[in-house]
Amino acid sequence: GENVEQHPSTLSVQEGDSAVIKCTYSDSASNYFPWYKQELGKRPQLIIDIRSNVGEKKDQRIAVTLNKTAKHFSLHITETQPEDSAVYFCAATPSGNDYKLSFGAGTTVTVRA
Amino acid sequence: KAGVTQTPRYLIKTRGQQVTLSCSPISGHRSVSWYQQTPGQGLQFLFEYFSETQRNKGNFPGRFSGRQFSNSRSEMNVSTLELGDSALYLCASSPRGTGIQETQYFGPGTRLLVL
């Protein structure tokens, strides 16, 4: 099955700085890579996703890059703000009928004011 | 559209009991997945239902089971509860359940505490 590793487990950044979270996956058949943000006591919410035929995707201050050869993908948050403080999860899902999300362990991001 | 809803939101049970959790997907969504979230193990896939059929199952013991009704609402059941079953149980729905590049939308979760 798919194994997703996520680093770092915790990340503290100064407001206005950038944050980068990296994930690797094991199943070369995986073709969809979403990122979820979970604030304390709330449900995970999709913030950005990328398909395997795209190398990079950007949405305002958030960007995701994908390297299929190396089997890793990264989340980049620029100009961090206090409301970016949350736990971020990467996930991967393979193609075909094996329909499920395999999550990374999560990264707790703290933005210092 | 209303989001994914789950009931109850909080539950306290004792070891050996059983529990049933409910999930109502976004209207029109046909696929419902269940996940267990714990501090130690993170988010782990339990199972996924589509058109009242379980299509995928994670690595959980048979004490964990589920079903889906014709209106796409889903329930999961845990029998003979153990302390380690204490967790946040999340369900997620997606529109067509094609298994290819669909966004999953999560509910608020049911927090289960087993004493």
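Up top is the structure.
Right, let's walk through the structure included here. These numbers come from a predicted model, not from an experiment. (Residues numbered from 1 in each chain as written. Chains lettered and ligands numbered in written order. Predicted model: local features only at pLDDT ≥ 70, side-chain atom pairs only at ≥ 80, totals over all residues. Heavy atoms only, no water.)

1. Focus on the overall build of chain A
The number of helices and strands found in chain A is zero helices and 11 strands. The secondary structure elements of chain A, listed N-terminal to C-terminal, are β-β-β-β-β-β-β-β-β-β-β. Reported as C-alpha extents along the three principal axes, the dimensions of chain A are approximately 45 × 30 × 20 Å. Looking at chain A as a whole, 45% of its 113 residues are labelled buried. A total accessible area of about 5,400 Å² is found for chain A, and carbon and sulfur atoms account for 46% of it. The average position of the 12 basic charges and that of the 13 acidic charges among the side chains of chain A differ by 3 Å. (Helix = DSSP H or I, 4+ residues; strand = E, 2+ residues; numbered from the N terminus. Buried < 20%, exposed > 50% of the residue type's maximum accessible area, 1.4 Å probe, protein only. Areas by Shrake-Rupley, 256 points an atom, 1.4 Å probe, with all protein chains shown as cover. Lys, Arg positive; Asp, Glu negative; His and termini not counted. Charge placed at Lys NZ, Arg CZ, Asp CG, Glu CD.)

2. Structural notes on the side chain of Ser 93 of chain B
Residue and element names in this part refer to chain B. Here Ser 93 shows up in strand β9 (residues 87-94). A polar side-chain atom of Ser 93 sits 2.8 Å from a polar atom in the side chain of His 29. In this structure, Ser 93 is in contact with Val 4, Pro 25, Ile 26, His 29, Ser 31, Val 32, Thr 103, Gln 104 and Tyr 105, ignoring residues within four places of it in sequence. (Polar contact = N/O pair within 3.5 Å; in protein donor to acceptor, adjacent residues only side chain to side chain. Contact = heavy atoms within 4.5 Å.)

3. Looking at the interface of chain A and chain B
Chain A puts 18 residues into the contact, and the matching count from chain B is 22 residues. Roughly 1,900 Å² of surface becomes buried between chain A and chain B when both sides are summed, with 51% attributable to carbon and sulfur atoms. Applying the counting criterion to the chain A and chain B interface returns zero salt bridges. For the side of chain A that touches chain B, the secondary structure elements donating two or more residues are β4 (30-38), β5 (45-51) and β9 (86-94) of chain A. In terms of residue class, the side of chain A that touches chain B is built from nine nonpolar, four polar and five charged. (Buried area = accessible area lost by both parts, 1.4 Å probe. Salt bridge = Lys/Arg side-chain N within 4 Å of Asp/Glu carboxyl O. Nonpolar A, V, L, I, M, F, W, Y, C, P; charged D, E, K, R; others polar.)

4. Some remarks on the sheet that holds strand β1 (residues 4-7) of chain A
All names here are of chain A. Taken together, five strands build an open sheet; the order of strands is β1-β3-β8-β7-β6 and the sheet is antiparallel. On the outer flanks of this sheet lie β1 and β6 (56-59), each paired with one strand and no other. Sheet twist, expressed as the mean angle between neighbouring strand axes with direction ignored, is 15 degrees. Here strand β7 (residues 62-67) pairs with strand β8 (residues 72-77) via six bridges, running antiparallel. Along β8, the bridge assignment pairs Leu 66 with Phe 73. (Pairing = 2+ DSSP bridges. Axes fitted to C-alpha atoms, helices over the stretch in contact; angles between N-to-C directions.)

5. Section: the state of the cysteines
Applying the stated rule across the entire model yields two disulfides over all chains. Here Cys 23 of chain A connects covalently by a disulfide to Cys 90 of chain A, the sulfurs 2.0 Å from one another. Residues Cys 23 of chain A and Cys 90 of chain A are joined through a disulfide that is left-handed, its torsion about the S-S bond being -100 degrees. Linking Cys 23 of chain A in strand β3 (residues 19-25) with Cys 90 of chain A in strand β9, this pair joins segments that are 67 residues apart in sequence. The class for Cys 23 of chain A is buried, based on a relative accessible area of 1%. Across the disulfide, Cys 23 of chain B is cross-linked to Cys 91 of chain B (sulfur-sulfur distance 1.9 Å). (Disulfide = S-S within 2.5 Å.)

6. Here we look at the pairing of β4 of chain A
Residues and elements named next belong to chain A. With nine of nine residues buried, β4 lies mostly within the body of the structure. When β4 meets β9, the two strands line up antiparallel, connected through six bridges. By the bridge assignment for β9, Lys 37 is matched with Tyr 88.

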